[in-house]
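Structural features, examined
One-letter residues, chain by chain:
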Amino acid sequence: MNSQSSWKTPLTLVALVFPALAALPSEAPAGPSGYQRIATLPLGGLGGWDYLTLDSATRRLFISRETRVIVLDIDRAKVVGEIPDTLGVHGIALAPELGRGFTSNGRSASVTIFDLKTLNVIGSVKTGEGPDAIVYDPKTGRVLTMNGRSQSATLIDAASGEVTATLALGGKPEFAVADGKGRIFVNLEDQSAELEIDPVAPGIVHRWPLAPCTEPSGLAIDREHRRLFAGCHNRMMAVIDADSGEVIATPAIGAGVDANAFDPEAQLAFSSNGEGTLTIVHEDSPGDFRVIENVETKRGARTMALDEKTHNVYLVTAEFGPTPPPTNETPRPRPPILADSFVVLVYGVKASP
């Protein structure tokens, strides 16, 4: 997953206890989906961002911020702590039954292991180069990092913290999900392919082409109906049969997708798009998918997390300055992030008065 920063912004020191954040009111009425912005939580601070991970049970949202992970109590709209020294952090995986969390640190090619209750760092593990997505599979007790630069996966025993294997993937991995039955699915962005991985053997069980999808990024799963939802950069959501690998639907989404989510109770699939939209797709049946709405969000809000308890969607973004001209060193420059403009955006369906 592509972060909103090149990892060059210096570390901002943050205290371990923070005051409650001001929640700004919604700015637009709800459309056909019922989803609208219900809160804006200004966090400020320096640094880019990438994945969000939400623990619905403990009501905590874990936000990667370049050199640290910020932990937000979503019910109190209050930052309650951080996991420091996670250089180039991309993703956060949680193992609640072990009381442990894991971060993938792209710049240091490592995983930080932390205590879920205290947020104290327990240890670290070396990985392949450029760990990006990270996923925990409770069925096998394995944590897997998807290493973009080395095109591999590092497999870690979650209980012991020891590396059990390194698996060559034959392409650049992006997001990954566990199916709850001992299999991991991962997008290969540069190959426009989907892998099914057995983390115990370990090995690649299947490699499926995702045409007409190109450059798949985000990935979500409907575990009951065995459907995968891959966000593709040619503005479609590839719905994939997790048993056969067949692409069975390609509903249209916005531009610049970087994350997907699935709400099993509401039967809704979400795509967060960097252009500033949230695409909402309803699963009418396991073979029929319908775009309900493209909800307006904000430019750069391309990563998200879903709270399955409230059905709220959390996105993050900031304000940007003008894009600098390209140079030989930076042929594709990104616009600078304006200081202290980082926010959490909360979208949900308001209860009737």
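Residues numbered from 1 in each chain as written. Predicted model: local features only at pLDDT ≥ 70, side-chain atom pairs only at ≥ 80, totals over all residues. Heavy atoms only, no water.

This next bit is on unusual backbone geometry. The residue after Ala201, namely Pro202, is reached through a cis peptide bond having omega -20°. Here Pro202 lies in the loop between strand E16 (193–198) and strand E17 (203–209). Backbone torsion omega between Ala211 and Pro212 reads 15°, so that peptide bond is classified as cis. With respect to the helices, strands and loops of the structure, Pro212 is situated in the loop between E17 and strand E18 (216–222). (Helix = DSSP H or I, 4+ residues; strand = E, 2+ residues; numbered from the N terminus.)

What follows is about the packing of aromatic side chains. For the structure shown, the criterion picks out eight aromatic pairs. Ring centres 5.3 Å apart and planes at 50° place the aromatic pair Trp49 and Phe342 in the tilted group. Here the residue Trp49 occupies a position in the loop between strand E1 (35–42) and strand E2 (52–55), and Phe342 occupies one in the loop between strand E27 (313–317) and strand E28 (343–349), the gap between them amounting to 293 residues. For Trp49, a relative accessible area of 1% gives the class buried. The buried category is assigned to Phe342, whose relative accessible area is 2%. Consider the rings of Phe229 and Phe289, whose centres lie 5.9 Å apart with planes at 75°: the pair is edge-to-face. You can see Phe229 sitting in strand E19 (residues 227–232) and its partner Phe289 sitting in strand E25 (residues 288–296), a full 60 residues away along the chain. (Phe/Tyr/Trp six-rings, centres within 6.5 Å; stacked < 30°, edge-to-face > 60°. Buried < 20%, exposed > 50% of the residue type's maximum accessible area, 1.4 Å probe, protein only.)

Note on placement: Thr127 falls in the loop between strand E9 (121–126) and strand E10 (131–137). Non-local contacts of Thr127, meaning those with residues more than four positions away in its chain, are made with Ala109, Ser110, Val111, Thr145, Asn147 and Thr154. (Contact = heavy atoms within 4.5 Å.)

Per the counting criterion, the structure on display carries 16 salt bridges. As a salt-bridge pair, Arg59 and Asp75 come within 3.0 Å of each other at their nearest N and O atoms. Of the two residues, Arg59 is situated in the loop between E2 and strand E3 (60–64) and Asp75 in the loop between strand E4 (69–73) and strand E5 (78–83); the sequence distance between them amounts to 16 residues. Among the salt bridges present, the one from Lys172 reaches Glu174, with a minimum N-O distance of 3.4 Å. For Glu174, a relative accessible area of 0% puts it in the buried group. Via salt bridges that share partners, Arg59, Asp75 and Asp307 belong to a single interconnected network. (Salt bridge = Lys/Arg side-chain N within 4 Å of Asp/Glu carboxyl O.)

Turning to the sheet that holds E27, a few remarks are in order. The antiparallel open sheet is built from four strands, whose spatial order is E1-E28-E27-E26. At either margin of the open sheet sits one strand with a lone partner, and together these are E1 and strand E26 (304–306). Adjacent strand axes in the sheet meet at a mean angle of 20° when their direction is disregarded. With seven bridges joining them, E1 and E28 adopt antiparallel strand pairing. Residue Thr40 lies in a different strand from E28, and its bridge partner there is Leu345. (Pairing = 2+ DSSP bridges. Axes fitted to C-alpha atoms, helices over the stretch in contact; angles between N-to-C directions.)

It is worth spelling out the state of the cysteines at this point. A complete count under the given rule lists one disulfide for this structure. A disulfide bridge connects Cys213 with Cys232, and the sulfur atoms are separated by 2.1 Å. With the S-S bond torsion at -105°, the cross-link from Cys213 to Cys232 turns out left-handed. Taken together, the positions of Cys213 in the loop between E17 and E18 and Cys232 in strand E19 put the pair 19 residues apart, joining distant regions of the chain. Note on Cys232: relative accessible area 1%, which makes it buried. (Disulfide = S-S within 2.5 Å.)

Turning next to the sheet that holds E19. Here we have four strands laid out as an open sheet, ordered E18-E19-E20-E21, and antiparallel in their pairing. Two strands bound the open sheet, and with one partner strand each, they are E18 and strand E21 (247–249). Mean inter-strand twist for the sheet, computed between neighbouring axes without regard to direction, equals 35°. Here E18 pairs with E19 via five bridges, running antiparallel. The residue of E19 that forms the bridge with Pro216 is Cys232.

Before going further, it helps to spend a moment on the pairing of strand E12 (residues 152–157). A large share of E12 lies buried, amounting to six of its six residues. Taking every second residue as pointing to the same face, both faces of E12 are buried, with Ser152, Thr154 and Ile156 on one and Ala153, Leu155 and Asp157 on the other. In terms of strand pairing, strand E11 (residues 142–147) meets E12 through six bridges, oriented antiparallel. For Met146, the partnering residue across the bridge sits in E12 and is Ala153. The turn linking E11 back onto E12 is made up of four residues, and Gln151 within it adopts a positive phi angle of 50°. In this structure, E12 lies alongside strand E13 (residues 163–168), joined through five bridges in antiparallel fashion. Within E13, the position partnered with Leu155 by the bridge is Ala165.

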